[in-house]
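Coordinate analysis (summary)
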Amino acid sequence: MPSQKDVAAESAAPMIPEQRRELILRQLRKQHVLSVHQLMEMFDCSHMTVRRDIALLEQEGLAYSVTGGVRIASQLHSEPSHQVKAVVELPQKQAMAKLAARLLLADMTIYLDAGTSTLEIVPYIKLLSGMTVVTNDFGVVQALMDAPHVTVIHTGGQLDHSNHSCVGGLAVATLRQVVTDIAFISTSSWDQRRGITTPSALKVEVKQVAMQSASQVVLVASSSKYGTFSMYKIAGLEQFDVIISDDALAPAAADGIRKQGVELMLPSDPQPA
């Protein structure tokens, strides 16, 4: 593996910014994470120059900023269990659910994808009349047991024990029979280049058919999952009408998403009058 000196020698000659960023990517593919200080030494450049390079790479979905440095996209091989996901990032999930509630109107038919982020939307649905919820998530069904004014349709299908939901062909067959106003889709991994992905092949068609059956498709995904990818692709980010995330999403990443023509909603955004 080339040392920092090797890289410095390679970059000793004057280079344009695009060449420097290509060298940064080359090193990231080998080392996965680099600090700002390392990059300043490698290229004999300022902190501001390195930060500008990182921001541009992030805006293009090629690399992702971390505290004190930058990393390459990382692969997710398996999802955390429902029990683990239920207790992490609760304030962020609640903030995203509050944004999702802006899209809700009475008498809608809503698809809630399995996930602890989409589960937080349920209290806002309960406040409205004439609502129908279609879901593959048992937690959503349980949360609506005390809401007889909400019509609930569970997809059925093969039980995913770890995530307390149903997947597979039977769930897909149910979703092909319904038409929804909004599909709120969750994901365990997402980035600008690959879109949303999953380590579970059984989830792919469920999410895809739910998206195809909806008039409006909304991704609800925390920033902590951004910059990761899994084996199976579900959809590109451009296939969503709206993406809802939290305020920890890097500004450069947010700019890159918006440049794809997708509406991005963050809790810190000015609220509509």
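Look a little higher up for the structure.
Bear in mind that the values here come from a model prediction, so they are computed numbers and not experimental data.

Across its full length, the protein carries 12 helices and 17 strands. For the protein, with 273 residues in total, the buried portion stands at 50%. Looking at the protein alone, contacts between residues at least 24 apart form 62% of all its contacts between residues at least 6 apart. Here the protein has roughly 12,700 Å² of accessible surface; of this, 56% comes from carbon and sulfur atoms.

The subject of this paragraph is the pattern of salt bridges. Where side chains of opposite charge bring their charged atoms close, a pairing between them can arise. Counted according to the given criterion, the structure contains 9 salt bridges. Between Asp113 and Lys207 there is a salt bridge whose closest N-O contact spans 2.5 Å. Within this pair, whereas Asp113 is found in the loop between strand E5 (109-112) and helix H7 (116-119), its partner Lys207 is found in helix H11 (residues 201-212), the two being separated by 94 residues in sequence. Just as Asp113 is buried, Lys207 falls in that class too. Among the ionic pairs, Arg176 bridges to Glu205, the shortest N-O distance being 2.6 Å. Taken as a pair, Arg176 in the loop between helix H10 (169-175) and strand E10 (180-185) and Glu205 in helix H11 lie far apart in primary sequence, 29 residues in all. The class for Glu205 is partly exposed, based on a relative accessible area of 36%. Beyond isolated ion pairs, a larger network of salt bridges with shared partners links Glu18, Arg20, Arg21 and Asp53.

Moving on: the nonpolar core. Residues Ile185, Trp190, Ile196, Phe240, Ile243, Leu249 and Ile257 are the most contacted members of the largest nonpolar core, which totals 36 residues. Counting only elements with at least two residues in this core, the list comes to H10, E10, H11, strand E13 (214-220), strand E15 (232-235) and helix H12 (251-259). Sequence-distant contacts of Phe240, that is, excluding residues within four places in its chain, are made with Ile185, Ile196, Met211, Val217, Val218, Leu219, Ala235 and Val262. Core analysis: the next-biggest nonpolar cluster, separate from the first, contains 25 residues, Ala100, Met131, Val133 and Met265 among them.

Here we take up the packing of aromatic side chains. Remark: the centre distance and the inter-plane angle together describe each pair of aromatic rings, the angle taken between the planes. Enumeration over the complete set of coordinates arrives at 2 aromatic pairs. An angle of 85° between the planes, with centres 5.3 Å apart, marks the rings of Tyr64 and Tyr226 as edge-to-face. Of this pair, Tyr64 sits in strand E2 (residues 64-66) while Tyr226 is found in the loop between E13 and strand E14 (228-229), placing the two residues 162 residues apart along the sequence. Pair check on accessibility: Tyr64 and Tyr226 agree, each one buried. Here Trp190 and Tyr226 contribute two aromatic rings whose centre-to-centre distance is 4.7 Å and whose plane-to-plane angle is 70°, an arrangement assigned as edge-to-face. Of this pair, Trp190 sits in strand E11 (residues 189-191) while Tyr226 sits in the loop between E13 and E14, and the two are 36 residues apart along the sequence. For Trp190, a relative accessible area of 0% translates into the label buried. Tyr226 sits in the buried class, given a relative accessible area of 4%.

Let us look at the environment of Pro251. Structurally, Pro251 is set in helix H12. Spatially, the C-alpha atoms of Pro251 and Glu58 are 9.0 Å apart, while their sequence positions differ by 193 residues.

The pairing of E5 with strand E6 (residues 132-135) spans 4 bridges and is classified as parallel. Counterpart to Tyr111 in the pairing with E6 is Val134.

Reading the values: the criteria
- Throughout this document, residue positions are counted from 1 along each chain, in the order its sequence is written.
- The model is predicted, so local features are restricted to residues of pLDDT at least 70 and side-chain atom pairs to those at 80 or more, both for listing and for counting; the totals for chains, interfaces and linings are taken over all residues.
- Excluding hydrogens and water, the side-chain figures rest on all heavy atoms present in the structure.
- Helix numbering and strand numbering both begin at the N terminus, where a helix is a DSSP run of H or I of at least 4 residues and a strand a DSSP run of E of at least 2.
- A simple rule labels every residue: compare its accessible area, found with a 1.4 Å probe on the protein chains alone, to the largest value its type can have, and call it buried under 20%, exposed over 50%, or partly exposed in between.
- In this description, contact between two residues means that some pair of their heavy atoms is separated by no more than 4.5 Å.
- To be clear on the numbers: accessible area is Shrake-Rupley with a 1.4 Å probe, and residue cover counts the displayed protein chains and nothing else.
- Note on definitions: salt bridges are taken to be side-chain nitrogens of Lys or Arg within 4 Å of carboxyl oxygens of Asp or Glu.
- Only buried residues count toward a nonpolar core. Its members are Ala, Val, Leu, Ile, Met, Phe, Trp, Tyr and Cys residues joined through side-chain atoms within 4.5 Å.
- Any two rings among Phe, Tyr and Trp, with Trp reduced to its six-membered ring, count as a pair given centres within 6.5 Å; such a pair is stacked if its planes are under 30 degrees apart, edge-to-face if over 60, and tilted if neither.
- Strand pairing requires that DSSP identify at least two bridges connecting the strands.

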